[in-house]
Amino acid sequence: TSAATLGPVGATYRRVTVSGTCPAGCTGVQLYWETEVLAADVGKRLYFDAASLRKMVTFDLLAANTLKTSNYAEDGNGMPTAGAKLDNVGTTLKVASNNVQVGRYYLSDGFFRSVQALADTGSRIYYRGNNEGPPNIDRLSLQVVEGYALAGASGGAGWFSWAHYRATIQPQSASDNLDALRFMEVAFYWAYGDLVTPNLLYSTTVSLADRKYQNGLADGDAGNATSVGFSFMYGDKLNRIRDSLVNKYLYLKVRMHNAAGFSAERWFYPPSGYNTDMLRSATGPGATPASGGGGGGLEHGTCVAPWEPVLLADGTELPAELLSPGMRVLTMHEDEKDGGLFDVTHVSRHRAERCKLVMEDGRALVVTPDHCWRTLERGWTRTDALRLGETVEGFAPGRVARVEPTDSGDVMKVAVRWAKTYVVQGLLAHNLKPRD
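Student: Would you explain the overall build of the chain in this entry?
Tutor: Looking only at helices and strands, the chain features zero helices and 28 strands. For the chain, the residues scored as buried account for 44% of the 436 residues in total. Nonlocal contacts in the chain, meaning residues at least 24 apart in sequence, comprise 61% of its contacts between residues at least 6 apart. Summing over all exposed atoms, the chain offers an accessible surface of approximately 22500 Å²; the carbon and sulfur share of this is 52%.

In structure tokens form, the structure reads like this:
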């Protein structure tokens, strides 16, 4: 029942200590906080990081060369069931280690996932951002660090009998959802080239650690990246990967999981060399070409990038590319402040010009330049016409920091019945218009 009052919270980090005593029979510890958000604070974020929890035993009884807690008890076999005892006979120290459980939390409480039970030093987690939706897989890069062999018989690249990979996650913004990470799905495919339907070899899972946050470093700083290694081994079926006549190329299909769900899938194409980033694409061999950029064949449309999270009826988020007609979204009416649950009626993928909308709180959204947002100042406004400091409305409003160009690529057109809107990263966006 201990508490600590912070008072007004500023822009610098502060250390806060809360301590208390567990009563006899205590089986859990709960840490929570309450904040009052003023009108001037809308669109800002509050960060907690480097949280630690320490456990100790206080001896309060002394008798016959024995120190013990007042709640100490044993079962018929002399095993402690509560409290702790220290004496100079037999076993020197007896502690009911399960009397206090530290680090037992529900999966939804991703903030505490890395807090472990340690006897004396406690533990730390690095935390910044959120786990309010699936992780942004486009923050993931893959490299081959070694393997046999990188080059094919006729000079091609990409087939192996074995290979060691390095996966690196580099946070770019607080909304990347790279906390409460669980694991990464990796499926290995082979194909003769980009125009051939791939063949599945096998799949595996790779454990992922949460993103780092080190005080003073920006999200994009290399010091905040996390990485993990994994290997490809195909044993005696070597000849399915390479032979003396044709180069068979190895492709990877990957998606990441956190406490909120799984990300969109991304294909990673054969590397051009060791320790170089593999090309990432939303499509695999046998589909559209993997290369990005360029203006040929680009379509018009008010759309969002495939990985952008859309708010669903149950309060969870799903990447736009995983939406399908019949799903329901939670959103506001086109020209009203109220809202409700509305049906998705259309979802399609296209290639188009794209730009990046960056908010003052660090959120970054990749959309088409003509994608419209409802602003407090001017109502519905195209992305490329937004002004510095304008407020975009939604369930988590924010102020515009800048709009910057980015590469063209895949986007998703979404239509919502009646409301004609949907919510992306907390911001109210217009859906597919009839002219599109």
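Student: Looking at this model, I keep getting lost on a nonpolar patch on the surface. Mind explaining?
Tutor: A cluster of nonpolar side chains, namely Leu6, Val9, Val16, Val18 and Leu46, defines an oily patch on the protein surface of about 390 Å² accessible area. Mapped onto the secondary structure, valine 18 falls in the segment before strand 1 (61-63). For valine 18, a relative accessible area of 44% translates into the label partly exposed.

Student: Help me out: how do you make sense of the sheet that holds strand 19 (residues 339-352) in this one?
Tutor: By definition, the strands of a sheet pair up through backbone hydrogen bonds, in either a parallel or an antiparallel sense. Spatially, the three strands line up as an open sheet ordered 18-19-26, and their pairing is antiparallel. Across the chains shown, the open sheet's two edge strands, defined by having one partner strand only, are strand 18 (328-332) and strand 26 (409-416). Taken pair by pair, the neighbouring strands of this sheet meet at an average axis angle of 50°, ignoring direction. As defined by bridge partners, strand 19 adjoins strand 26 across eight bridges and the pair is classed as antiparallel. Opposite arginine 351, over in strand 26, you have aspartate 410 as the bridge partner.

Student: How do you make sense of the confidence of the model for the chain when you look at a structure like this?
Tutor: Interpreting fine coordinate detail is not advised for predicted regions of low pLDDT. Counting all residues, the mean pLDDT for the chain is 76, and 74% of those residues have values of 70 or more. For the chain, the element scoring lowest by mean pLDDT is strand 6 (residues 93-95), at 73; strand 24 (residues 391-392) scores highest, at 96. Note that pLDDT drops below 50 for residues 149-158; the model gives that stretch 32 contacts with residues more than four away or on any other chain. Note on residues 236-245: pLDDT is under 50 here. Beyond four places in sequence and across chains, it has 15 contacts.

Student: Whenever I open this one, the sheet that holds strand 1 confuses me. Can you help?
Tutor: Spatially, the four strands line up as an open sheet ordered 1-2-5-6, and their pairing is antiparallel. The sheet terminates laterally at strand 1 and strand 6, the two strands that pair on one side only. When the angles between neighbouring strand axes are averaged without regard to direction, this sheet yields 15°.

Student: For this particular structure, what's the right way to read the packing of aromatic side chains?
Tutor: For any pair of aromatic rings, the description consists of the separation of the ring centres together with the inter-plane angle of the planes. Throughout the structure, instances matching the rule amount to eight aromatic pairs. Taken together, a centroid distance of 6.5 Å and an interplanar angle of 55° make the contact between phenylalanine 188 and phenylalanine 230 tilted. Taken together, the residues span a long stretch of sequence, with phenylalanine 188 in strand 9 (residues 181-191) and phenylalanine 230 in strand 11 (residues 226-233) at a distance of 42 residues. Given the relative accessible area of 0%, phenylalanine 188 is considered buried. Pairing tyrosine 189 with tryptophan 267 gives two aromatic rings, centres 4.9 Å apart and planes at 50°, and the pair type is tilted. Of this pair, tyrosine 189 sits in strand 9 while tryptophan 267 is found in strand 14 (residues 266-268), placing the two residues 78 residues apart along the sequence. Classification of tyrosine 189 as buried rests on a relative accessible area of 12%.

Student: Hey, could you run me through the pattern of salt bridges in this one?
Tutor: Oppositely charged side chains can pair when the atoms bearing their charge come close. Per the counting criterion, the structure on display carries 21 salt bridges. Its salt-bridge partner being glutamate 334, residue lysine 420 comes within 3.9 Å of it at the nearest N-O pair. In this pair, lysine 420 is assigned in the loop between strand 26 and strand 27 (421-424) and glutamate 334 in the loop between strand 18 and strand 19, connecting sequence segments 86 residues apart. The class of lysine 420 is partly exposed, set by a relative accessible area of 41%. One salt bridge connects aspartate 361 with arginine 363, and the closest N-O pair in it is separated by 2.8 Å.

Student: Looking at this model, I keep getting lost on the pairing of strand 28 (residues 427-430). Mind explaining?
Tutor: In summary, the side chains of a regular strand alternate between the two faces of the sheet. With burial as the criterion, each face of strand 28 is covered, one bearing Leu427 and Ala429 and the other bearing Leu428 and His430. Inspection of the sheet shows strand 27 paired to strand 28 by four bridges, in the antiparallel sense. Residue pairing for strand 28: threonine 421 is matched across the bridge by histidine 430. Connecting the antiparallel pair strand 27 and strand 28 is a turn made up of two residues, with glutamine 425 showing a positive phi of about 50°.

The rules behind each value
- Residues numbered from 1 in each chain as written.
- Predicted model: local features only at pLDDT ≥ 70, side-chain atom pairs only at ≥ 80, totals over all residues.
- Heavy atoms only, no water.
- Helix = DSSP H or I, 4+ residues; strand = E, 2+ residues; numbered from the N terminus.
- Buried < 20%, exposed > 50% of the residue type's maximum accessible area, 1.4 Å probe, protein only.
- Contact = heavy atoms within 4.5 Å.
- Areas by Shrake-Rupley, 256 points an atom, 1.4 Å probe, with all protein chains shown as cover.
- Patch = residues over 30% accessible without salt bridge, like charges linked within 9 Å, V, L, I, M, F, W, Y side chains within 5 Å.
- Salt bridge = Lys/Arg side-chain N within 4 Å of Asp/Glu carboxyl O.
- Pairing = 2+ DSSP bridges.
- Axes fitted to C-alpha atoms, helices over the stretch in contact; angles between N-to-C directions.
- pLDDT = per-residue confidence, 0-100.
- Phe/Tyr/Trp six-rings, centres within 6.5 Å; stacked < 30°, edge-to-face > 60°.

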